[in-house]
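Here is what each chain is made of, one letter per residue.
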Amino acid sequence: MCELLGMSANVPTDICFSFAGFLQRGGGTGPHRDGWGIAFYEEGGYREFRDPHPSVDSPIARMILDYPIKSQMVISHIRQANVGQVTLANTHPFTRELWGRQWCYAHNGQLADWQALPLPYYRPVGSTDSEHAACFLLGEIRRAFPNPPARCEDLWRHLHAQCERLRGLGVFNLLLSDGVHLYAYCSTKLAHITRRAPFGQASLTDFEMSVDFQQHTTDADVVSVIATDPLTDNEQWQRLLPGQLVVFREGELVASLGGELPLSQEEPGQEQAESGAVDRTATSRRKPDWLASDLSC
């Protein structure tokens, strides 16, 4: 399997600290040696680096650490190949244009029967299930919304439904962004943390490095980081639930849709479903959705 890293912030921020730990998992502390990539949204533009070699040994990765790129939105991926050869064309993230925006996509997992997914608009360049699913997903958004929808909630619910469809084919952990929102969908494993004032010190799990964020931030800064597994060992990360889609904008969590809670973890009062008593033979229940309604798409 692969690993994912994303960031959403309300001010241009470099991701060097998180990336320093993350790249160690690409052949150092982890087995993901089959390529890596990172994408930055900057002032309406888009910058991307991809390399089919292990990130832990990559001169390009070291260059990014030495050249802090300020961005409000970042998506990164390290690959452990299971479908498709180890080539640049098969290296994440993948991008396609929609509504005049660059959409960036990175996937962790493996899908069955993915060749049957219809592709009316976009075509893959490489040979992976991940890129095929990216073309399908963005094609479904384009089919449903030829233009940006008036209500973000309509897009988010449609995106969640398509992610659920893809999860039905196997493991589908996703990071997706159009430069405005950062979407994270959990099939099996994702975690996130939001840092805001009062900022404290953080220590990486995979690399001997600590930082005191208070020395590098203002009281108004908000930065959220999403990763397959927590990157620090002295902070409290929040695990996403299987089937949960979360949406970040300018560092803030603005929406959460779906998610399956084990019966033993349900909140008081959830024992009764709208249609009657809960089925005790079930292994999970749907978590209620909540959405922000004052944001444009």
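Please read all numbers here as calculations on a predicted model, not as lab measurements. (Residues numbered from 1 in each chain as written. Predicted model: local features only at pLDDT ≥ 70, side-chain atom pairs only at ≥ 80, totals over all residues. Heavy atoms only, no water.)

**A look at the overall build of the protein**
A tally of helices and strands in the protein yields 4 helices and 20 strands. Computed over its C-alpha atoms, the radius of gyration of the protein comes to 19 Å, within 12% of the 19 Å expected for a compact globule of 297 residues. In terms of its C-alpha atoms, the protein occupies a principal-axis envelope of roughly 60 × 45 × 35 Å. The burial tally for the protein puts 53% of its 297 residues in the buried class. Nonlocal contacts in the protein, meaning residues at least 24 apart in sequence, comprise 69% of its contacts between residues at least 6 apart. For the protein, the exposed area adds up to about 13,000 Å²; of that, 48% sits on carbon and sulfur atoms. (Helix = DSSP H or I, 4+ residues; strand = E, 2+ residues; numbered from the N terminus. Rg over C-alpha atoms; globule rule 2.2 N^0.38 Å. Buried < 20%, exposed > 50% of the residue type's maximum accessible area, 1.4 Å probe, protein only. Contact = heavy atoms within 4.5 Å. Areas by Shrake-Rupley, 256 points an atom, 1.4 Å probe, with all protein chains shown as cover.)

**Observations regarding empty space enclosed by the protein**
Under the counting rule described, the total for this entry stands at 1 cavity of 30 Å³ or more. Here the largest cavity is characterised by a volume of approximately 60 Å³. Grouping the constituent residues of the lining of the largest cavity by class yields 3 nonpolar, 7 polar and 2 charged. (1 Å grid on protein atoms, 1.4 Å probe; cavity = no way out; pocket = protein on both sides within 12 Å on 5 of 7 lines; lining within 4 Å. Points joined across faces, edges and corners; volume = space filled by probe spheres on them. Nonpolar A, V, L, I, M, F, W, Y, C, P; charged D, E, K, R; others polar.)

**Here's the deal with the state of the cysteines**
Applying the stated criterion to the full structure yields 1 disulfide. With its sulfur 2.1 Å from that of its partner, Cys 152 forms a disulfide with Cys 297. Linking Cys 152 in helix α4 (residues 152–167) with Cys 297 in the segment after β20 (290–291), this pair joins segments that are 145 residues apart in sequence. The same class applies to Cys 152 as to Cys 297, namely buried. Among the cysteines around Cys 163, which has no disulfide bond, Cys 186 carries the closest sulfur, lying 11 Å off. Exposure remark for Cys 163: the relative accessible area of 0% places this residue in the buried category. (Disulfide = S-S within 2.5 Å.)

**Remarks on a nonpolar patch on the surface**
On the surface, Ile 60, Met 63 and Tyr 67 cluster together to form a nonpolar patch covering roughly 240 Å² of accessible area. The class for Ile 60 is partly exposed, based on a relative accessible area of 30%. (Patch = residues over 30% accessible without salt bridge, like charges linked within 9 Å, V, L, I, M, F, W, Y side chains within 5 Å. Salt bridge = Lys/Arg side-chain N within 4 Å of Asp/Glu carboxyl O.)

**Focus on the UniProt feature "domain: Glutamine amidotransferase type-2" (unreviewed entry) in the protein**
What UniProt calls "domain: Glutamine amidotransferase type-2" (unreviewed entry) maps, in this numbering, to residues 2–251. For residues 2–251, the helix share is 19%, the strand share is 33%, and the end-to-end C-alpha distance is 24 Å. (UniProt positions renumbered as here; feature names shortened; annotations may be inferred.)

**Things to note about the pattern of salt bridges**
Scanning all chains against the criterion turns up 16 salt bridges. Linking Arg 25 and Glu 3 is a salt bridge whose minimum nitrogen-to-oxygen distance equals 2.9 Å. Here Glu 3 lies in strand β1 (residues 3–13) and Arg 25 lies in the loop between α1 (16–22) and β2 (36–42), a separation of 22 residues in the sequence. Both residues of the pair, Arg 25 and Glu 3, belong to the buried class. The partner of Glu 252 in a salt bridge is Arg 196, with the nearest N and O atoms 2.8 Å apart. Separated by 56 residues along the polypeptide, Glu 252 in strand β15 (residues 252–258) and Arg 196 in strand β9 (residues 191–196) bring together distant segments of the chain.

**Considerations on the sheet that holds β2**
Strands sit in the order β3-β2-β4-β1-β12-β9-β13 across an open sheet of 7 strands; the sheet is antiparallel. Sheet topology places β3 (45–51) and β13 (238–239) at the edges, where each strand pairs with a single neighbour. As defined by bridge partners, β2 adjoins β3 across 7 bridges and the pair is classed as antiparallel. Paired with Trp 36 across the two strands is Asp 51, which belongs to β3. (Pairing = 2+ DSSP bridges.)

**Section: the packing of aromatic side chains**
Applying the stated criterion across every chain yields a total of 7 aromatic pairs. An angle of 90 degrees between the planes, with centres 5.6 Å apart, marks the rings of Phe 17 and Phe 213 as edge-to-face. Remark: Phe 213 occurs in the loop between β11 (210–212) and β12 (222–227) and Phe 17 occurs in helix α1; sequence separation between them is 196 residues. Judged by its relative accessible area of 15%, Phe 213 falls in the buried class. Where Phe 19 meets Trp 36, the ring centres are 5.8 Å apart and the plane angle is 50 degrees; that geometry is what we call tilted. Here the residue Phe 19 occupies a position in helix α1, and Trp 36 occupies one in strand β2, the gap between them amounting to 17 residues. Note on Trp 36: relative accessible area 0%, which makes it buried. (Phe/Tyr/Trp six-rings, centres within 6.5 Å; stacked < 30°, edge-to-face > 60°.)

**Details of unusual backbone geometry**
Look at the link from His 92 to Pro 93: it is a cis peptide, with omega at 0 degrees. Looking at the secondary structure, you find Pro 93 in the loop between β4 (71–78) and β5 (94–98). Positive phi, close to 60 degrees, is recorded for Trp 99, a residue that is not glycine. Residue placement: Trp 99 occurs in the loop between β5 and β6 (101–108). Residue class for Trp 99 comes out buried when judged on its relative accessible area of 16%.

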